[in-house]
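Descriptive analysis of the structure
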Amino acid sequence: LPASGPPPASGTIEQVSVVESALAIIPQPYRDIAIKHRELVKFAFVGGSTWVIDTAVFLLLKSTVLAEKPLTAKIIAVLVATIVSYVLNREWSFRTRGGRERHHEAALFFLVSGVGVAVYSAPLAISRYVFHLAVPEVSLLTQEIADFVSGQIIGVLAGMAFRWWAFRRYVFPDEDVRRRVPAG
């Protein structure tokens, strides 16, 4: 990038400067890779944001009304985060992709996300019900660490990888079919 001017627009929405600002501070040659894969960068940003939502809802439910039902707390947390994810991914991450009528796209998004709930939840279920990493078999600290690692790290990473692939393949299959906002 030339030192005298602003970084070139890499997103599809002129008003979104978060990605542009983040890309501007990335050193070369990583900046070029990030620009080339900007859709993935946006998807990861949305994923990070919804991870925070997922984690907050999960921990709130698990420490209050669903203390005895961590899997139920996890599923509810994922569903809340999925609703936010649809709006952000459709309007930002995959803004120029499409190829389907909106109701069909939304149905596929939630179907893929439903499968994603199983992918997200599987590590926590395995931790709790196969490896028995729960009180009284293990200490409360071990249980809580196992729940967090299996549900919030392993599960989220597996679910995000699955959703990235499935969204691009089935939900938003065609590139450059929705209007881009021209760069100013």
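A quick note: this is a predicted structure, and the numbers were derived from the prediction, not measured. (Residues numbered from 1 in each chain as written. Predicted model: local features only at pLDDT ≥ 70, side-chain atom pairs only at ≥ 80, totals over all residues. Heavy atoms only, no water.)

Examining unusual backbone geometry
In the segment running from Gln28 into Pro29, the intervening peptide bond is cis, with an omega of 0 degrees. Along the chain, Pro29 turns up in the loop between helix 1 (18-25) and helix 2 (30-36). Along the chain, Val135 connects to Pro136 via a cis peptide bond; the corresponding omega equals 15 degrees. Residue placement: Pro136 occurs in the loop between helix 5 (102-130) and helix 6 (140-171). The phi dihedral of His132 is positive, around 55 degrees, even though this residue is not glycine. Looking at where His132 falls in the secondary structure, it is placed in the loop between helix 5 and helix 6. Using a relative accessible area of 42% as the deciding quantity, one classes His132 as partly exposed. (Helix = DSSP H or I, 4+ residues; strand = E, 2+ residues; numbered from the N terminus. Buried < 20%, exposed > 50% of the residue type's maximum accessible area, 1.4 Å probe, protein only.)

Section: the packing of aromatic side chains
This model, assessed by the stated rule, comprises 15 aromatic pairs. Residues Phe43 and Phe167 carry aromatic rings whose centres are separated by 6.3 Å and whose planes lie at 80 degrees to one another, so their mutual orientation is edge-to-face. Linking Phe43 in helix 3 (residues 38-62) with Phe167 in helix 6, this pair joins segments that are 124 residues apart in sequence. We note that Phe43, like Phe167, is buried. Judged by centre distance (5.5 Å) and plane angle (75 degrees), the ring pair of Phe109 and Phe110 falls under edge-to-face. Owing to a relative accessible area of 0%, Phe109 belongs among the buried residues under this scheme. Phe110 gets classed as partly exposed once you look at its relative accessible area, which sits at 38%. One aromatic cluster in this structure is built from Phe43, Tyr86, Phe94, Phe109, Phe110, Trp164, Phe167 and Phe172. When the ring centre of Phe58 is taken as origin, the NZ or CZ atom of Lys74, which lies over that ring, is 5.6 Å away. (Phe/Tyr/Trp six-rings, centres within 6.5 Å; stacked < 30°, edge-to-face > 60°. Lys NZ or Arg CZ within 6 Å of the ring centre and 35° of its normal.)

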